[in-house]
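Chain residues, written in single-letter form:
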Amino acid sequence: MRKSPFESGPIGDAASREALARIQDEVSSMKAMRTALRHVKKGLLYANDNKFKEAEACALQAIKYDQGILYSWHLLGIARDKLGDRAGALEAYERALALGPESPEIANDLGRLAYRMEMWPQAEALFRHSLALKPDAPEASNNLAALLRRESRPQEAIDVLRTALLAHPDEVILWVTLGTVLGDQGEYDQAATFYSEALRLRPNYGKALHNLASIMFGKGQEPEAIAQTFKAIPLAETPEDATMMRFAIGSMSLSRGDLTQGWKYYAARLEPTFNEPIHFLTDRPQWRPGTDIAGRHLMLYGEQGLGDEVLFANLLADVIADLGPTGRLTLAVTDRLLPFFQRSFPDVRMGSHITIAREGRAYRTAPFLKDWSDIDYWAPMAELLQTYRPTIQSFPHRPEGFMRTDPARIEHWRQTLSHLPGTKVGLLWTSLIMNAGRHLYFSPFEQWRPVLTTPGATFINLQYGDQSEALAFAKREFGVEIYQPAGINLRDDLEDVAALSAAMDLVLGVSNASFNLAAAVGAPSWLVTARRPWTQLGSDSYPWYSQVRVFSPATTGDWTGVMAQVATALGEYVEDGTRMAAAG
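Calculation criteria
- Residues numbered from 1 in each chain as written.
- Predicted model: local features only at pLDDT ≥ 70, side-chain atom pairs only at ≥ 80, totals over all residues.
- Heavy atoms only, no water.
- Pairing = 2+ DSSP bridges.
- Helix = DSSP H or I, 4+ residues; strand = E, 2+ residues; numbered from the N terminus.
- Axes fitted to C-alpha atoms, helices over the stretch in contact; angles between N-to-C directions.
- Buried < 20%, exposed > 50% of the residue type's maximum accessible area, 1.4 Å probe, protein only.
- Contact = heavy atoms within 4.5 Å.
- Patch = residues over 30% accessible without salt bridge, like charges linked within 9 Å, V, L, I, M, F, W, Y side chains within 5 Å.
- Areas by Shrake-Rupley, 256 points an atom, 1.4 Å probe, with all protein chains shown as cover.
- Salt bridge = Lys/Arg side-chain N within 4 Å of Asp/Glu carboxyl O.
- Lys, Arg positive; Asp, Glu negative; His and termini not counted.
- Charge placed at Lys NZ, Arg CZ, Asp CG, Glu CD.
- Core = buried A, V, L, I, M, F, W, Y, C linked by side-chain atoms within 4.5 Å.

Re the sheet that holds strand 8 (residues 423-428)
Here is step 1: In space, the five strands of this open sheet follow the order 9-8-10-11-12, with parallel pairing throughout. Taken across any chain shown, the strands that pair with only one partner, and hence form the sheet edges, are strand 9 (457-461) and strand 12 (549-551). Neighbouring strand axes in the sheet, compared pairwise and without regard to direction, differ in orientation by 25° on average.
Here is step 2: Across four bridges, the pairing between strand 8 and strand 10 (residues 506-509) is parallel. Bridge pairing links G426 to V507 in strand 10.

Here's the deal with helix 22 (residues 494-502)
Here is step 1: Burial within helix 22 is extensive, with nine of its nine residues counted as buried.
Here is step 2: Taken together, the buried positions of helix 22 are L494, E495, D496, V497, A498, A499, L500, S501 and A502.
Here is step 3: In this structure, the buried side of helix 22 is in contact with helix 15 (306-312), helix 17 (338-344), helix 19 (407-417), strand 10 and helix 23 (513-520).

Structural notes on a positive patch on the surface
Here is step 1: Residues K31, R34, R38 and K41 make up a contiguous surface patch of positive charge.
Here is step 2: Locating R38 in the fold gives a position in helix 1 (residues 17-48).

Quick look at unusual backbone geometry
Here is step 1: In this model, E118 sits at a positive phi of 60°, which is unusual for a non-glycine residue.
Here is step 2: Of note, E118 is situated in the loop between helix 5 (104-116) and helix 6 (120-133).
Here is step 3: In this structure, D136 is a non-glycine residue whose phi angle is positive, near 65°.
Here is step 4: On the accessibility criterion, D136 (26% relative accessible area) is partly exposed.

Regarding the nonpolar core
Here is step 1: Among the nonpolar cores identified, the biggest contains 73 residues, and V176, L178 and Y205 are the most heavily contacted of them.
Here is step 2: A per-element tally of this core places helix 9 (residues 172-184) first, with eight residues.
Here is step 3: In contact with L178, other than residues within four places in its own chain, are I158, L161, L165 and F194.
Here is step 4: In this structure, L298, L337, F515 and Y545 belong to the second largest nonpolar core, which totals 72 residues.

Spelled out as structure tokens, the structure:
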């Protein structure tokens, strides 16, 4: 056979130095990978025993040997997540997802962490990515639905859950979450049906027992609901669920007027596992019920929302009296409330607290306090309620209110409003915080028609935020002009809002921050609220503010009936005022 003059064929030397070095590297890499995987396996055993510090150490050892194994980073993310190191967990999960972008489990875990860190768009994208890789997966479907519920997108949440249930009809968490979304919409019977289905599938499922108890409570089965919630607590699958159940017992007990049990369990709001807890930054001893404060230096933090800080100030006069002439009180409140509190309690040292969000957690501190060393005790303000307001009878009768605003500003507003005809009614109808389920506590604005068309009443807007749409709606649909006071920022000028409210003949509306300001200074106030809020403490009145009259539906969501009652009462109020003015 004649050979071609051109040489061709395989090239290279299997025994070349370069080839042998490459094999050596690959062998070393395999050894490193095997060593790394041994650490991962060991770490997983620790994680199964809830020893997450040891699991974290194993994951770090695995990464030391080989940074390219996604399981090492995934384990590290899980361990740090459980240890509360959210920033470290986020970094580890992201490295794992970069190595394994097709892993639905890692995307779901990272999405769950992003949810807790309030990174809502990122969490939604991650849950959707997880579902794209593994359609209708129960956990990712539930997590996406929970996020959509939180974002007030109930129909999208329902669609996600129904699709997942068609594929996984025995997944109890999907039935529970579907019930929760429908419960937010006021569909209590349907929600109860879904909770019952979850309990059929898993009779001792604590979360379903608790949620069904909430429905029972709303239907008037109050003792049974509380008993069922107690039963659910030891069945809770996470510390967060158990804390939520304890807090629910507190709220339900307060709503029934059982203040002893109510205040005890209301303290669950301060547990680290509470939903969105506030971590108070101080190294001083915390005041506990029964601790004598006479002659001591007590520091109180305002807590929860603006309206709550005003509401809980109901007890401050009693605290000051118990501190005595040699005791001292320091108070930290929201900056916008500071002038109002300073005028009301001029002998109290006070300043603004600030809340810092970090890694999805909220930390509250009082930067005006440079030296804490002389403070004997500190407490969140509402913690003193179980000592100072143990019964309905312990709430003092103070129709004049317990806080003060500038008399000159009250007179200013009286003069400013003097040209308006009839009975001057300050109006509040909503809250700026309208997340999942909150709409059940506020009547739709269109149902205010019978109230706003009351002859002889002129309405003045006290509602903060941009309400131009509602004001235009009232004028267009009701033929009612709601007066917009000039020269005041209804969101930020809170002491002036209190003065404006005190200049009214009546303040009428829902329990938001502005309503609490009005009631605290003794303005005649009518509260339109959902059935049996816990703040009513089982009474027919509103113990925090003696002069407040309460209107609420006999059944949840019956705003039509409530508005008819308010309209009738307002007509009588206007007539009485007209007669008194004529007689005077």
